[in-house]
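Summary of structural features
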Amino acid sequence: MNLPQPTADALAHSLRLNQLIRTAMEAAGGWLPFSTYMELALYAPGLGYYSAGARKLGPEGDFVTAPEMSPLFGKVLARQVSALFESLPRILLEIGAGSGALAASLLEELQALGTPPDQYFILELSADLRQRERDTLAARVPHLLDRVIWLSELPHTFSGVVIGNEVLDAMPIEVFRITDHEVEQAGVAITEEAFGWSFRNAPDTLAGTVTPLGLAPGYRSEVSFAASAFIASLAKSMDKGVALFIDYGFPSHEYYHPQRTTGTLMCHYRHRAHANPFFLPGLQDITAHVDFSAIARAASDNGLDILGYTTQAQFLINSGITDVLADVLNPRAAGNTAAPTSAYLSLTNSAQRLLSPAEMGELFKIIALGHHVELPLLGFASGDKTHTL
Ligand SMILES: C[S@@+](CC[C@H](N)C(=O)[O-])C[C@H]1O[C@@H](n2cnc3c(N)ncnc32)[C@H](O)[C@@H]1O
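Rules used throughout
- Residues numbered from 1 in each chain as written.
- Predicted model: local features only at pLDDT ≥ 70, side-chain atom pairs only at ≥ 80, totals over all residues.
- Helix = DSSP H or I, 4+ residues; strand = E, 2+ residues; numbered from the N terminus.
- Rg over C-alpha atoms; globule rule 2.2 N^0.38 Å.
- Buried ≥ 20, exposed ≤ 12 C-beta atoms within 10 Å, placed from the backbone.
- Contact = placed C-beta atoms within 7 Å.
- Axes fitted to C-alpha atoms, helices over the stretch in contact; angles between N-to-C directions.
- Left-handed = near helix turned anticlockwise from the far one by under 90°.
- Nonpolar A, V, L, I, M, F, W, Y, C, P; charged D, E, K, R; others polar.
- Near = placed C-beta within 6 Å.
- Expected span 1.5 Å × (residues − 1).
- Arc of directions from axis to C-beta.
- Pairing = 2+ DSSP bridges.

**Focus on the overall build of the protein chain**
Counting secondary structure elements, the protein chain contains 13 helices and 16 strands. Against the 2.2 N^0.38 benchmark of 21 Å for 389 residues, the protein chain shows a C-alpha radius of gyration of 21 Å, consistent with a compact globule. By its C-alpha atoms, the protein chain is 65 × 50 × 40 Å across when sized along the principal axes. Residues counted as buried form 47% of the 389 residues belonging to the protein chain.

**Side note on the environment of Ile95**
Looking at where Ile95 falls in the secondary structure, it is placed in strand E2 (residues 91-95). Residue classification places Ile95 among the buried positions, given that 21 C-beta atoms sit within 10 Å. With 29 residues separating them along the chain, Ile95 and Glu124 place their C-alpha atoms 6.6 Å apart. Excluding residues that lie within four positions of it along the chain, Ile95 makes contacts with Leu123, Val162, Gly164 and Val167.

**Quick word on the packing of helix H8 (residues 225-237) against helix H10 (residues 292-301)**
One can describe the packing of H8 onto H10 by two numbers: an axis separation of 8 Å at closest approach and a directional angle of 30°. The chirality of how H8 crosses H10 is right-handed. Residues Ala227, Ser228, Ile231, Ala232 and Ala235 of H8 form the contact with H10, whose participating residues are Ala294, Ile295, Ala298 and Ala299. Along the lines of polarity and charge, the residues of the contact of H8 with H10 split into eight nonpolar, one polar and no charged.

**Points about the site of the ligand**
With respect to spatial proximity, 20 residues lie near the ligand, and among them Thr65, Gly96, Gly98, Asn165 and Ala170 are the closest. For the shell around the ligand, the residue count by class is 13 nonpolar, five polar and two charged.

**Focus: helix H6 (residues 127-140)**
When the terminal C-alpha atoms of H6 are compared, their 20 Å separation across 14 residues agrees well with the 20 Å that a helix rising 1.5 Å per residue should span. Of all the positions in H6, only Leu129, Arg132, Glu133 and Leu137 are classed as buried. For H6, the angular spread of buried residues about the axis comes to 130°, placing them on one side. Looking at H6, the residues exposed on the side facing more than 90 degrees away from the buried face are Asp135 and Ala139. Where H6 is buried, its residues contact helix H5 (101-112), strand E3 (119-123) and strand E4 (148-151).

**Digging into helix H2 (residues 34-43)**
A large share of H2 lies buried, amounting to seven of its ten residues. Inspection of H2 places Phe34, Ser35, Tyr37, Met38, Leu40, Ala41 and Leu42 among the buried residues, and these make up the whole buried set. Considering only its buried residues, H2 is in contact with helix H1 (8-27), strand E1 (32-33), strand E6 (174-178), strand E7 (183-191), H8 and strand E13 (285-287).

**Quick word on the environment of Ala326**
Among the structural elements, Ala326 can be located in helix H12 (residues 321-329). When the C-alpha positions of Ala326 and Tyr344 are compared, they lie 9.7 Å apart, and in sequence the two are 18 residues distant.

**Concerning unusual backbone geometry**
A positive phi angle, close to 45°, is found at Arg270, a residue other than glycine. Residue position: Arg270 is located in the loop between strand E11 (266-269) and strand E12 (272-274). Unlike most non-glycine residues, His271 shows phi in positive territory, near 65°. As for its placement among the helices and strands, His271 is situated in the loop between E11 and E12.

**Here's the deal with the sheet that holds E11**
What the three strands build is an open sheet, ordered E12-E11-E13; its pairing is antiparallel. Edge positions in the open sheet fall to E12 and E13, since each of these has one partner strand only. When strand polarity is set aside, the average angle formed by the axes of neighbouring strands in this sheet is 25°. In this sheet, E13 lies alongside E11 in antiparallel orientation, the contact comprising three bridges. Across the sheet, Met266 pairs through a bridge with Thr287, a residue of E13.

If you want it as structure tokens, here you go:
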């Protein structure tokens, strides 16, 4: 694998995390389930990829998310949130806000629409990202900063709108493979001095989830118990509200399609995607696609309604992306000082990436989960695919 080399400091950081994982592995008898390895690699306090100081998101980081790419995504999402604020408390809770780009766009646009939130909670596990979010908001929406409150766990009870962009894919996964006779759980052990895959008989919970899928020997894939548990916790705290989760993924029948034999586990390092989760722990993102049927099941098993499920492209079109583009491109629009040509090029470029089936438009989906909400949702008015879950 020909990946860019890290600096000496970054390498030293990765070695410290490597040592911490080795210590945890030795304490556990020389083997860790992959989910534990991923949890430590991404979230070990002060050392994990999301807990420590690496740049992560944006052009100088490892990957770019929709709100990082353009404020257009947040502007359109704000229209859906603004419509929900007509019947819900004007309170937003964003899960895992990254650099704060989405929070800034949502706050700007909700204010422009005349429906600024009374409070904007951000649930953020990483102290480093909290600081980055605060800096972004202080620069882009200083007048609304006093409405933003950081949380380190879900509130006990919540009414309002919850948003999570590319959060479920960052939750630790179990990896499994099917052999001739059984389901095996993938774990991590030291092989030839380095971390490597090591398989054991799957525990009952994993085997019980995978066996009914009827997968052929040789098949390998993932299950995210952590994402389902997160949805169950959210359901417990949700009093009256709607949660919108946007991520790459599919319903179960596509996730576990007979031809998808090597799963969806993926790593991102300096804008290169590869499949080795043991490369420089702490310096790269580790992720898997989201099984939206499992998310829907976790939601309905815990009392939430599935209010809609569709592609990102369909959601953005339903929510008025073309009107937003027209407004921004109108030279007379308030605050539009950019030359029409450069504004046009930059916005149409991002619209193309957000909507195109070859880019984010089809692979990315959005699911709406709700409690005590009966309204039809703007973003799912046409092309709702809930029946495919
Ligand atoms: C890929 S980044 C996405 C950041 C941002 N939402 C964006 O779209 O740019 C994943 C984020 O999910 C957060 N995350 C993962 N698991 C979480 C959890 N259980 N609770 C809160 N945040 C979580 C990570 O800390 C990180 O900020």
